[in-house]
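Structural features, examined
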Amino acid sequence: MEQKRPQLNSDELQQLKWLLGGALVLLSVWTVFYLELDAWTMMAITTLAVGAAIVRPSWPALVPSWVHRLAFPAIVAFFLGDLYLTAELLPPIVRLDILLLLYRGISYRKRRDDLQIIVLGLFLIVVAGVLTVSLVFAAQIMAFTACALAFLLVITLVDATEGAGSDKGRVTSDKSAAVPAWAAQMELGRLLRRVREVLDWRVVTLGGLLFVGVVGVSALLFMAIPRFQLENSLFLERFMTKKAKTGFSDTIRFGDVTDIQQDDSVALSVDVSAPEQVPAQPYWRMVVLDDYRDQSFRMSPTVRLRSFQRERTQRFVLGEAPPKKGTGVFWTFYLESGVSRYLPLAGTFWELRFMEMQNFRLAPSLRLIALRDEPVTMTAYRVENFVISPIVADPAFAERGAAQPALRLRTSDQEQLKRFVAEITGGAALPVEQFITRARLWLTSKHRYSLQSQLPGGDGDPLVRWLSSAEPGHCELFAGSLVLLARTAGIPARLVTGFKGGTWNAFSNNFTLRNSDAHAWCELYDVTVEGWRRADPTPGAGEAAADESADAAVRAGRVDRSWSARFDSLRVFWYRRIVNFDQRTQLETLKAVKSSTQEFGKRLRATVEQIGATMKAMVQGPWDVKRVVLWGGGLALVIWAGWAAKYFGFSILDFRLGRRRAAHELVRAEAGLWLGRLRGLPVETALLEDLQRLRYGATASWAEPRAVFRRARDARRAARRNRVS
Amino acid sequence: MNAVEEWSDSGARVRSRFTWNRLLWALVFPQRGQRIMLTVSGTLLAALSLGIGMAAYNSANNILFITLALMLACLILSGVLSWLNFSRVRWRLRLAPPWRVGQVTAVAVELGNRKTFLPTYGLWFELAARWLDPRPAVVASTITGKGVDLKASLEKAKQNEAVAKLHLRSRLDPQGTARVDWSFVPTRRGVWRVELRGVGSLFPFGFLSKSIGTDVMHNVTVWPAPVEYRRHAVAGSRRQTGGENLARAGSGSDLLSLRRYAAGDSHRLIHWKASARTGRLLVRQLAAESSEGFSLWVQTDAARWAKPEQFELALSLAATLAEDFFRSGQLMRVAIGDEAPRPVRSAHDLDAFLDRLAVVEIVATDEAQSPGAATPATMTVRNLMTFAPDGARSVVALIDGAKAATA
């Protein structure tokens, strides 16, 4: 007989509640990991304190009562102080939330305190999700939901066990009261063992399936909830500021871009409707720096004032490229938070559309777009019809007099630069394109590429010192040097930072750019084309592939099938299907569902018709002995299978879920059958009694049914044998 | 003797034919008798969902839409689990009469879980025991009901009703049974209706308090309270010869049967001839005579019972004496009001008498005796015990006009 499953008593349920409450607190405060908020110390303290309280639930009783009395005023005072010192709203609220969670996590809780944990935790996770739009949010909200549901379930069971209105196990208002009985007895290991004993695998499986169902239903609801296009931007972003990486700001020092390259995380994902449009060596321009002084490149005030238009607040902007006839090529960018407020762009475009209203400034001549604030969340925008070219047309630059901020170098440095230019040009005035080629050759002959480069010591400008040495260098040094050399040669030049290259994710079919793809290059003004010609002097960064086969090789080489690509594909799925889901996508999804349903219906109908036609043809065909035997055999097989299912059905039905008849009813029916079969046969009385107990007796009095039926089968065989003999 | 109801379950009310429309409608709108109320957690969830929904629409942020969708999905899950929890659970009332006023009585709710592998948790049962007023209800209009003290009426109704909410504290295993007990003390005699008004649960997450109304009810007759009384020796049973013989052992003059001698038997009863013939010592067993016992007559005329509390006491005394006399084999006949006397031969007759005592009321004098009825007063009955008020509070039992017992 099946043994009765053990059951958690009231104290054990209280212990489980404590454990789950602590787990919820920990899950919530760990949002700090990806929220990138200054609350690391608080998070560490909460983790340690709540972890200790989970393992030793009697410790909270050691906290003197005055601490509890002072806790709330102290927390409020901390919040107000934080608010005053940081002059921001959201970070202090988040820290306040963590403090409250800490307090709830280490003090004995009443029912309302348990609910508070859920609300505080949910707030923290949702704020983190809204601010970061990170994929981690998805995992965290799932874990939090599962944990919170288990927590609420245990609370309900505790209430049911103790009866409504009972105060057993509850906490009195004096939180420093004696240790509750459940806390004094709690041992984590023993509790987990007890939980494992109590759990039934079938119930756990059903619970798991139901949770999967919850996720599925929430996905359906997410897609089905009607959307209205309200032209608002998210309010939470305004209450928190975030600093972007310095390599992509309008001032960089040597090494800033290289620092970014050390980071292998994803910076930008690009969906392209026509992947063949992506060049073999794409350059994603972000910032243009035309002024060199104080050993750093920066965007000059002139450029900032003249090139950038006044700020706009809208969802789209038109570029200078013409619209493409027919279906355009769409590039959807998902720029991770904390990269830059300058948007990476591969060229000029017809239209750029943001997913939500944005405040931004456009610089048409620079082909740049700068958002007003550093985005604290992923920024998505869709570009239609990029025109990708190594030349940035700027006819107005020549009209303005090709003026650039003067190089503020010492005379000796300027002399040195002139000598270098003479070495490169041989004293001749070269066309820009030729100058670039020679300068690149000259640089690569003197310096090799290394991320671990160091500027040589000494007086004067560091870039000139590096040029004079044979030290290896990184992209900033090569690009900066070319800018100085070109400017010395009288060619307007500027430094550009952004990304170069990237990989093609084979799983999600999108272009992925990591921070390690950060790059610096330069642009030289070529009057012959009335534009800025891209020049990348860094060794190994060939401007363009020699021929199409090399181009194809580069494209093939950048296909990424690694595990990180799999993870990135999840992220892209998250951005494509969840974060960017809007009214238009909703309509498209509905249309897709409708068309696929219609398609499925058509296929199903066709398949059924085909099967029907085949069956008809088979029946109408000439019947010979072979066919009769085949059909007869098949029919017999089906009948036998039915009989076998009925005969052996009992053991199968034992494990069948949702069967109509309960197991004991089947046993009674089977026992009744056997009593009928054995009637009149000489079988032992004990067997008959066992069968009668199975047929009529209480289930508690039963012997193991299968063993009894086996004995009955054997007894019947033996009786038949004896009769025959 | 146990009174057992038929099994009922959460689906007992649904008799209509299954259709998908009905199922869908049942998912949206609760069935009749079902109550679904938001709890504190549920209100919190609703408020949170509302807030997040508003923020989601205001900001068009999909993270908020996801959170909203998850919360709504959790609410759906809660409904599904609640339905599974109630599904295939059945219950019935088990009562254990006799019930007497002032004595603790037991009501049990028996539960059975017919699910295959899913247990059931956290059920509660709303039980009520209500005294049924035998008098026809007076219909009072709220317009004309001047001077009706509603509060007092409610208070009075409350006195005649006992309610309880019983919790199933343990898990009800699949294919398992459980029992939840309730004990209460009836405050007055009469017919009480014990009802299982509802079966509810907060399972699984406590968002909604779901309660299913049931039709399970059982009427129980509550006998008058047993009372302490003082017997008066002077009015003991008066022995008279030539009485009516009864077919049970007693101390009359007629031989009923012979039986083996037992220690303590009078030697005068030994039947020597039979003993000699059988070789065993046998004694005569004589038939009882009706003249040894008592007949009880409870008069219900209003002229006799000016004070209802004395009438109640008289009924209690009558019930107690009836049981005591029956136990000692001395209860012959019983009668209430103007009805014909009924012989008491078995426990069933006694129970019937006590049942009638439980519901008897004072009858107005002019209709107390119907003409021509064969009441004990018109018959020649020996040892007839009647009841009358004795002073301001007491009641006396009289045998042929002499005091026999006082309570």
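From a predicted model like this one, the values you see are computed outputs, not experimental measurements. (Residues numbered from 1 in each chain as written. Chains lettered and ligands numbered in written order. Predicted model: local features only at pLDDT ≥ 70, side-chain atom pairs only at ≥ 80, totals over all residues. Heavy atoms only, no water.)

On to the overall build of chain B, then. A tally of helices and strands in chain B yields seven helices and 21 strands. For chain B, with 407 residues in total, the buried portion stands at 46%. The contacts of chain B with a sequence gap of at least 6 include a subset with a gap of at least 24, amounting to 75%. (Helix = DSSP H or I, 4+ residues; strand = E, 2+ residues; numbered from the N terminus. Buried < 20%, exposed > 50% of the residue type's maximum accessible area, 1.4 Å probe, protein only. Contact = heavy atoms within 4.5 Å.)

This part takes up the pairing of strand S11 (residues 208-213) of chain B. Residues and elements named next belong to chain B. The buried fraction of S11 amounts to five of the six residues, a majority that puts the element mostly inside the structure. Judged from the five bridges that link them, strand S3 (residues 34-38) and S11 form a sheet pairing that is antiparallel. Paired with Gln 34 across the two strands is Ile 212, which belongs to S11. Strand direction decides the pairing type here: strand S10 (residues 190-201) and S11, joined by four bridges, are antiparallel. Residue pairing in the sheet places Gly 200 in a bridge with Ser 211 of S11. The turn joining S10 and S11, which pair antiparallel and follow one another in sequence, is formed by six residues; a positive phi near 75° is taken by Gly 206. (Pairing = 2+ DSSP bridges.)

This paragraph deals with the confidence of the model for chain B. Residue and element names in this part refer to chain B. When pLDDT is averaged across chain B, the result is 80; 79% of the residues are at 70 or more. Confidence drops under a pLDDT of 50 for residues 235-245, and excluding neighbours within four residues, the segment shows 29 contacts in the predicted structure. Confidence metrics for the complex model read pTM 0.69 and ipTM 0.74. (pLDDT = per-residue confidence, 0-100.)

With that settled, the discussion passes to the sheet that holds strand S15 (residues 518-526) of chain A. Residue and element names in this part refer to chain A. Strand order in the open sheet formed by five strands is S3-S12-S15-S16-S11, and the pairing between neighbours is antiparallel. At either end of the open sheet lies a strand with only one pairing partner, and these are strand S3 (283-289) and strand S11 (391-393). Taking the axes of each pair of neighbouring strands and ignoring which way they run, one obtains an average angle of 35° across the sheet. Of the strand pairs in this sheet, S3 and strand S12 (residues 493-500) are connected by six bridges, and their pairing is antiparallel. What sits directly across from Trp 284, in S12, is Phe 499. Together, S15 and strand S16 (531-535) form the strand contacts of helix H15 (residues 432-446), whose direction differs from that of S15 by roughly 140°. Helix-sheet contacts for helix H17 (residues 475-488) involve S12, S15 and S16, and the interaxial angle to S15 is about 15°. (Axes fitted to C-alpha atoms, helices over the stretch in contact; angles between N-to-C directions.)

It is worth spelling out the nonpolar core at this point. Residue and element names in this part refer to chain A. Leu 24, Val 94, Ile 98, Phe 137 and Trp 574 are the most contacted members of the largest nonpolar core, which totals 101 residues. Looking at which element gives the most residues to this core, the answer is helix H7 (residues 135-162), with 14 residues. If you look at the next biggest cluster of nonpolar residues, it comprises 85 residues, including Trp 331, Ala 363, Leu 495 and Phe 511. (Core = buried A, V, L, I, M, F, W, Y, C linked by side-chain atoms within 4.5 Å.)

Before going further, it helps to spend a moment on the interface of chain B and chain A. In this assembly, 48 residues from chain B lie in contact with 54 residues from chain A. Carbon and sulfur atoms make up 70% of the surface buried where chain B meets chain A, a total of about 4,500 Å² over both sides. For the pair chain B and chain A, the number of links is zero salt bridges. Our enumeration of links across chain B and chain A arrives at ten residue pairs in polar contact (both at pLDDT 80 or more). When residues of the side of chain B that touches chain A are traced back to their parent elements, those giving at least two are helix H2 (40-59) and helix H3 (62-86) of chain B. Residue composition of the side of chain B that touches chain A, grouped by class: 32 nonpolar, twelve polar and four charged. (Buried area = accessible area lost by both parts, 1.4 Å probe. Salt bridge = Lys/Arg side-chain N within 4 Å of Asp/Glu carboxyl O. Polar contact = N/O pair within 3.5 Å; in protein donor to acceptor, adjacent residues only side chain to side chain. Nonpolar A, V, L, I, M, F, W, Y, C, P; charged D, E, K, R; others polar.)

Our next topic: the confidence of the model for chain A. Residue and element names in this part refer to chain A. A residue-level look at chain A finds 90% of positions with pLDDT of 70 or above and a mean pLDDT of 84. Segment residues 166-174: pLDDT under 50, and 16 contacts once partners within four positions in sequence are set aside and those in other chains are kept. Residue range residues 650-660 is modelled with pLDDT below 50. Its contacts to residues more than four positions away, or to other chains, number 15 contacts.

Let us look at the sheet that holds strand S1 (residues 251-253) of chain A. Residues and elements named next belong to chain A. Overall, antiparallel pairing links the three strands, which are arranged S1-S5-S4 in an open sheet. Here the strands that pair on one side only, and so sit at the sheet edges, are S1 and strand S4 (291-293). Across the sheet, the mean angle separating the axes of adjacent strands is 25° when strand polarity is ignored. Pairing of S1 with strand S5 (residues 296-298), which is carried by three bridges, proceeds in the antiparallel orientation. If you follow Thr 251 over to S5, its bridge partner there is Arg 298.

Residues and elements named next belong to chain B. Omega for the bond connecting Pro 97 with Pro 98 falls within 30 degrees of zero, at 5°, which places this linkage in the cis form. At the junction of Phe 203 and Pro 204, the peptide bond is cis and its omega measures out at 5° in the coordinates. Relative to the helices and strands, Pro 204 resides in the loop between S10 and S11. Its identity as a non-glycine residue notwithstanding, Arg 88 has a phi of 55°, on the positive side. Among the structural elements, Arg 88 can be located in the loop between H3 and strand S4 (89-95). Positive phi, close to 60°, is recorded for Gln 175, a residue that is not glycine. By the secondary structure assignment, Gln 175 is in the loop between strand S8 (161-167) and strand S9 (177-184). The class for Gln 175 is partly exposed, based on a relative accessible area of 32%.

The next thing to look at is a nonpolar patch on the surface. Residues and elements named next belong to chain A. Side chains of Ile 611, Met 615, Met 618, Val 619, Trp 623, Val 628, Leu 630 and Trp 631 sit close together on the surface and give an oily, nonpolar patch of about 770 Å² of accessible area. Elements supplying a minimum of two residues to the nonpolar patch: helix H20 (583-620) and helix H21 (625-647). If one sorts the elements of the nonpolar patch by residue count, H20 sits on top with four residues. With respect to the helices and strands, the residue Trp 631 is situated in helix H21. (Patch = residues over 30% accessible without salt bridge, like charges linked within 9 Å, V, L, I, M, F, W, Y side chains within 5 Å. Areas by Shrake-Rupley, 256 points an atom, 1.4 Å probe, with all protein chains shown as cover.)

Moving on to the environment of Ile 362 of chain B. Residues and elements named next belong to chain B. For Ile 362, the position within the fold is in the loop between helix H7 (347-359) and strand S19 (384-390). Overall, Ile 362 belongs to the partly exposed group, its relative accessible area being 29%. In this structure, the C-alpha to C-alpha distance between Ile 362 and Asp 301, residues 61 residues apart in sequence, is 5.9 Å. When residues no more than four places from it in sequence are discounted, the contact partners of Ile 362 are Thr 300, Asp 301, Ala 302, Trp 305, Pro 308 and Phe 311.

Right, let's talk about empty space enclosed by the protein for a bit. The tally for this structure, following the rule as stated, stands at three cavities of 30 Å³ or more. Lining of the largest cavity is provided by 19 residues; of these, Ile 118, Leu 122 and Ala 148 of chain A together with Leu 45 and Met 71 of chain B occupy positions nearest its centre. Mapped by element, the contributors of at least two residues to the lining of the largest cavity are helix H6 (111-132) and H7 of chain A together with H2 and H3 of chain B. For the lining of the largest cavity, the leading source of residues is H7 of chain A, giving six residues. Looking at side-chain class alone, the lining of the largest cavity contains 16 nonpolar, three polar and no charged residues. (1 Å grid on protein atoms, 1.4 Å probe; cavity = no way out; pocket = protein on both sides within 12 Å on 5 of 7 lines; lining within 4 Å. Points joined across faces, edges and corners; volume = space filled by probe spheres on them.)

A few words on the environment of Phe 397 of chain A. Secondary-structure assignment places Phe 397 of chain A in helix H13 (residues 395-399). Along the primary structure Phe 397 of chain A and Glu 530 of chain A are separated by 133 residues, whereas in three dimensions their C-alpha atoms are 8.0 Å apart.

What follows concerns the packing of aromatic side chains. Two descriptors summarise a pair of aromatic rings, namely the distance from one centre to the other and the angle between the planes of the rings. Residues and elements named next belong to chain A. All chains considered together, the criterion is met by 33 aromatic pairs over all chains. Ring geometry for Tyr 292 versus Phe 297: centroids 4.6 Å apart, planes at 40°, classification tilted. As far as burial versus exposure is concerned, Tyr 292 and Phe 297 are alike and both buried. Residues Phe 333 and Tyr 381 carry aromatic rings whose centres are separated by 4.8 Å and whose planes lie at 5° to one another, so their mutual orientation is stacked. Here Tyr 381 lies in strand S10 (residues 379-384) and Phe 333 lies in strand S7 (residues 330-335), a separation of 48 residues in the sequence. Since its relative accessible area comes to 0%, Phe 333 is described here as buried. (Phe/Tyr/Trp six-rings, centres within 6.5 Å; stacked < 30°, edge-to-face > 60°.)

Attention shifts here to the packing of helix H10 (residues 201-224) of chain A against H3 of chain B. Remark: H10 of chain A packs on H3 of chain B, axes separated minimally by 8 Å, with the N-to-C direction vectors making an angle of 135°. Relative to H3 of chain B, H10 of chain A is oriented oblique. Along this stretch, H10 of chain A crosses H3 of chain B, giving a crossing that reads as right-handed. Facing Leu 206, Leu 210, Val 214, Val 217, Ser 218, Leu 221 and Phe 222 of chain A of H10 of chain A, the residues of H3 of chain B in contact are Asn 62, Phe 65, Ile 66, Ala 69, Leu 70, Leu 72, Ala 73, Ile 76, Leu 77, Val 80, Leu 81 and Leu 84 of chain B. A per-class count over the contact of H10 of chain A with H3 of chain B returns 17 nonpolar, two polar and no charged. (Parallel < 35°, antiparallel > 145°, perpendicular 65-115°, else oblique. Left-handed = near helix turned anticlockwise from the far one by under 90°.)

Residue and element names in this part refer to chain B. The residue Ser 49 is located in helix H2 in this model. Classification of Ser 49 by relative accessible area gives buried; the value is 11%. At 2.7 Å, the side chain of Ser 49 forms a polar contact with the backbone oxygen of Leu 45. Non-local contacts of Ser 49, meaning those with residues more than four positions away in its chain, are made with Leu 68 and Met 71.

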